[in-house]
Amino acid sequence: MGASCSVLVVTQENVAVNGSRRLSPQEIADVLRERIRVGDLKAGDRLPTQAELAEEFGVERGTVRQALRALQEDGLLTNVSKGSPPRIALPTPTRGAPQPTMVSLAPRLTEAFAAPHVRVDVVCHTSETLMLALGEPLRLIHEGSTHPESIDVRILLPSRDINLAFPVLVEGRGEGDPVHDRWLAMRNAQAQVLRHNLLAIRSTLGIDVHVTFRALPFTPPVKLYLLNSDEALIGYYVLTERQEEYESQTLDMYDALGSKSLLFSFVRQAGQRDAAFVEESQKWFDALWETITTDLTLS
């Protein structure tokens, strides 16, 4: 893209009354931001080089670099500091208002599984919601609509050996805790189905698939989904008192219905705040995975 269609006329007013004042990085960023807003610079367009911008604005290249970094932090530029002029960022898909997990997770996973190398990291209480939400992206792979080269799924679940914070009997724990037994049976069955469905992609289509579980030494109060290190989805486990039949018993328990948890989306390209949340969430997950978690057996 040539610079001729988006030239700032640096008048005497811009420079200074006495000819000594130069535009600040913020002022240059504001000019470029306005060009993006009115459509003089469109999504996917390359900016002029830093040298060209420095000449246009009558400033040093360092000033231009600061302005470009500010625009990158706002999510307006991509490929800053990669050796070629940055591009105007494509609009980030709107995520809208937070939605229940069962509504919003499957579309996010479908989008993530369209990448060549899929990486999904999850912290959850059971893998029921993840198991169900993976149905659509796996269907698209089987029918040939998407073609990932590799899939790596890592899941952190509570250990069978801890006293869970929830679900728990309303009157407290006793000998032979039926609530814990029920949770453990669900955790294992759902995780086995999840692993089977993912590994079927490897056996039938030859895609490089890895599914790994590790055990947390605590009950996670939130659920977290990290998709290709580009998006973090987080939801709170909100406790409620409810009843459930289990092996001819009526269990009065405090539990959370994870499928109804609202998921809040943070997208790396949405700006500095979201990018920091995604990065720190990934660091948190990786640190747990590599330190205090243990091997998990589904039995």
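Notes on the structure follow. (Residues numbered from 1 in each chain as written. Predicted model: local features only at pLDDT ≥ 70, side-chain atom pairs only at ≥ 80, totals over all residues. Heavy atoms only, no water.)

## Quick look at the nonpolar core
Grouped together as the largest cluster of nonpolar side chains are 36 residues, with contacts concentrated most on Leu109, Phe113, Ile151, Ile155, Leu198 and Phe213. Not counting chain neighbours up to four residues away, the residues in contact with Ile151 comprise Phe113, Val118, Ile141, Leu198, Ile201, Ile207, Asp208, Val209 and His210. If you look at the next biggest cluster of nonpolar residues, it comprises 18 residues, including Leu41, Leu47, Ala54 and Val59. (Core = buried A, V, L, I, M, F, W, Y, C linked by side-chain atoms within 4.5 Å. Buried < 20%, exposed > 50% of the residue type's maximum accessible area, 1.4 Å probe, protein only. Contact = heavy atoms within 4.5 Å.)

## So, the pattern of salt bridges
A side chain with one charge can pair with a side chain of the opposite charge if their charged atoms come near. Applying the stated criterion across every chain yields a total of 18 salt bridges. Asp274 is paired through a salt bridge with Arg273; the nearest N and O atoms lie 3.6 Å apart. Among the salt bridges present, the one from Glu279 reaches Lys283, with a minimum N-O distance of 3.6 Å. Of this pair, Glu279 and Lys283 both sit in helix α9 (residues 272-290), four residues apart, which is roughly one turn of that helix. Judged by its relative accessible area of 37%, Glu279 is partly exposed. Several salt bridges share partner residues, and in doing so they unite Arg119, Asp121, Asp152, Arg154 and Asp286 into one network. (Salt bridge = Lys/Arg side-chain N within 4 Å of Asp/Glu carboxyl O. Helix = DSSP H or I, 4+ residues; strand = E, 2+ residues; numbered from the N terminus.)

## Thoughts on helix α7 (residues 135-143)
For α7, the full list of buried residues reads Pro137, Leu138, Leu140 and Ile141. Viewed along the axis of α7, the buried residues span an arc of 155°, placing them on a single side of the element. Residues of α7 that are buried in the fold lie against α5 (101-112), α6 (128-133), β5 (150-158) and α8 (178-205). Looking one or two residues past α7, Gly144 carries a phi angle of roughly 90°, positive in sign. (Arc of directions from axis to C-beta.)

## Looking at the sheet that holds strand β9 (residues 231-236)
Pairing is mixed across the open sheet formed by eight strands, whose spatial order is β3-β12-β9-β8-β4-β5-β7-β13. The open sheet is flanked by β3 (99-100) and β13 (294-295), the only strands paired with a single partner. The sheet contact formed by strand β4 (residues 117-123) and strand β8 (residues 222-227) spans four bridges and is antiparallel. Across the sheet, Val123 pairs through a bridge with Leu224, a residue of β8. Relative to the sheet, α8 contacts β5 and β7 (208-216), its axis offset from that of β7 by approximately 165°. (Pairing = 2+ DSSP bridges. Axes fitted to C-alpha atoms, helices over the stretch in contact; angles between N-to-C directions.)

## Focus on the sheet that holds strand β11 (residues 249-256)
Here three strands make up an open sheet; going across it, the order is β6-β11-β10 and the pairing antiparallel. Only two strands of the sheet have a single partner each, and these edge strands are β6 (168-169) and β10 (239-246). Here β10 pairs with β11 via eight bridges, running antiparallel. When the sheet's bridge partners are listed, Gln243 is paired in β11 with Asp252. This element, α8, spans β6, β10 and β11 of the sheet and lies at about 70° to β11.

## Considering helix α4 (residues 61-73)
A rise of 1.5 Å per residue sets the reference length of α4, with its 13 residues, at 18 Å; its end C-alpha atoms lie 18 Å apart and thus fit the reference within 8%. Buried residues of α4: Thr63, Val64, Ala67, Leu68, Ala70 and Leu71, and no others. When α4 is viewed along its axis, its buried side chains cluster within an angular range of 155° and face the same direction. If you follow the buried residues of α4, they end up packed against α2 (25-38), α3 (50-57) and β1 (77-78). Once α4 finishes, Gly75 follows within two positions and takes phi at roughly 80°, a positive value. (Expected span 1.5 Å × (residues − 1).)

## Some points on the packing of α3 against α4
Closest axis-to-axis distance for the α3/α4 pair is 9 Å, and the angle between their directions is 105°. In terms of axis orientation, α3 runs roughly perpendicular to α4. Residue-level contacts link Gln50, Ala51, Leu53 and Ala54 of α3 to Arg61, Val64, Arg65 and Leu68 of α4. Split by residue class, the contact of α3 with α4 holds five nonpolar, one polar and two charged. (Parallel < 35°, antiparallel > 145°, perpendicular 65-115°, else oblique. Nonpolar A, V, L, I, M, F, W, Y, C, P; charged D, E, K, R; others polar.)

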